[in-house]
Amino acid sequence: MPELPEVETIRRDLTPLAGRTITDVEVLWPGAIKAPALREFGERVRGQRITGVERRGKHLILCLASGEELIFHLRLTGRLVLTPAEQEPGRHTRAVFFLDEGEALHFADVRKFGTIHLVKAGERQAVSSLAGLAPEPLSEEFTLDWFRSALARRRGPIKGALLDQAVVAGMGNIYADEALFRAGLRPDRPVPELASAEVERLWEAIRAVLAEGIRLRGTSVRDYVDGRGEPGGFQKVLSVYGRKGQPCRRCGAPLQRMRVAGRGTTFCPHCQR
DNA sequence: AAGAAGTCCTGGGCGC
DNA sequence: TGCGCCCAGGACTTCT
């Protein structure tokens, strides 16, 4: 599923869109367009020049010449792939953005959870999943002190805190499990009982797994592909996610699976304490 | 007010 | 081969 490293990979693949014009939009499943109303959406997008491609948390943002922004959230199974304009939409394609120079951007999404918003200049916060987002975890603003203060009001399991976008922007189930393994922490440890050194290890682990995920162009467990339609490489080096019953790469013990904060969670009972 | 539970949605994997 | 059942999960809403 597209988390920060996957969306960042797509962003990098789509940077050539800067300077290009959206000549037409075809919406195949109107439910994907959350705002504004469908007709107005088409009218406001058509003819716009793209000035930049940004990412914030798990959101992919196309900045338009008017100052408006086209904001995509891929949720679980969304894809954004650049194709030749003549490419027929697939079974799960929900919207096609036709571009100049004979190309098109296909938004596909099997489970229909993905969203598209068009917002006016400076109104990013109108998208609820963008309001209250933590600082970017790979930026200098995401300091250890900031992370400590974000955890200070928490009482539940650490895994739940990691999945909260107000604590770690862009974190999802895969990288949360990987970060906890790297930090040697059981996912169900209550936040208040974490020692200072453990929080620091976790802070470091979060940044390390996200950076490694980007370096390997994301994790393709099931649906994810990059902006060119190609799978990523991080699934080859996963320590725990999706490896229930398989031997821990560090100690050889069989990995266990449990439910934490409502999410399937895989961990090593020996290496994670 | 943080956290748990229910909701959305569909394909894939399972048992029989 | 095919049917029904259950699961996966991000983020919003509802309830406690």
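In what follows, the structure referred to is the one given above.
Note that the coordinates shown come from a computational prediction; the quantities given were computed from them, not determined experimentally.

### Section: the sheet that holds strand 5 (residues 69-73)
So, step 1. Across the sheet, which stays open at both edges, the 5 strands sit in the order 2-9-5-4-3 with mixed pairing between neighbours. What marks the edges here is a single partner per strand, and that holds for strand 2 (33-35) and strand 3 (50-56). Within this sheet the neighbouring strands show an average axis-to-axis angle of 20 degrees, counted without direction.
So, step 2. Judged from the 5 bridges that link them, strand 5 and strand 9 (residues 115-119) form a sheet pairing that is antiparallel. Of the residues in strand 9, the one forming a bridge with I71 is H117.
So, step 3. Contacting strand 2, strand 5 and strand 9, helix 2 (residues 38-45) crosses the sheet at an angle of about 65 degrees to strand 9.

### Comments concerning the protein's contact with DNA strand C
So, step 1. Around DNA strand C sit 16 residues, and of these H73, L76, R111, R257 and R259 come closest.
So, step 2. When atoms of DNA strand C within 4 Å of the protein are split into backbone and base, the sugar-phosphate part holds 67%.
So, step 3. R111 places a polar side-chain atom, nitrogen or oxygen, 2.5 Å from a base nitrogen of DNA strand C.
So, step 4. One of the side-chain N or O atoms of S128 is found 3.2 Å from a phosphate oxygen in DNA strand C.
So, step 5. Elements with a minimum of two residues in the surface near DNA strand C: strand 10 (256-260) and strand 11 (263-267).
So, step 6. Partitioned by chemical class, the residues of the surface near DNA strand C number 4 nonpolar, 6 polar and 6 charged.

### A short note on helix 6 (residues 196-215)
So, step 1. Here helix 6 contains 20 residues, and its C-alpha end-to-end distance of 29 Å stays within 8% of the 28 Å for a straight helix at 1.5 Å per residue.
So, step 2. Of the residues making up helix 6, those classed as buried are E198, V199, L202, W203, A205, I206, A208, V209, L210, G213 and I214.
So, step 3. Those residues of helix 6 that are buried are in contact with helix 1 (4-14), helix 3 (144-152), helix 4 (158-163) and helix 5 (173-183).
So, step 4. R217 lies just past helix 6 and shows a positive phi near 65 degrees.

Criteria and cut-off values
- Residues numbered from 1 in each chain as written.
- Chains lettered and ligands numbered in written order.
- Predicted model: local features only at pLDDT ≥ 70, side-chain atom pairs only at ≥ 80, totals over all residues.
- Heavy atoms only, no water.
- Pairing = 2+ DSSP bridges.
- Helix = DSSP H or I, 4+ residues; strand = E, 2+ residues; numbered from the N terminus.
- Axes fitted to C-alpha atoms, helices over the stretch in contact; angles between N-to-C directions.
- Contact = heavy atoms within 4.5 Å.
- Near = heavy atom within 4 Å.
- Polar contact = N/O pair within 3.5 Å; in protein donor to acceptor, adjacent residues only side chain to side chain.
- Nonpolar A, V, L, I, M, F, W, Y, C, P; charged D, E, K, R; others polar.
- Expected span 1.5 Å × (residues − 1).
- Buried < 20%, exposed > 50% of the residue type's maximum accessible area, 1.4 Å probe, protein only.

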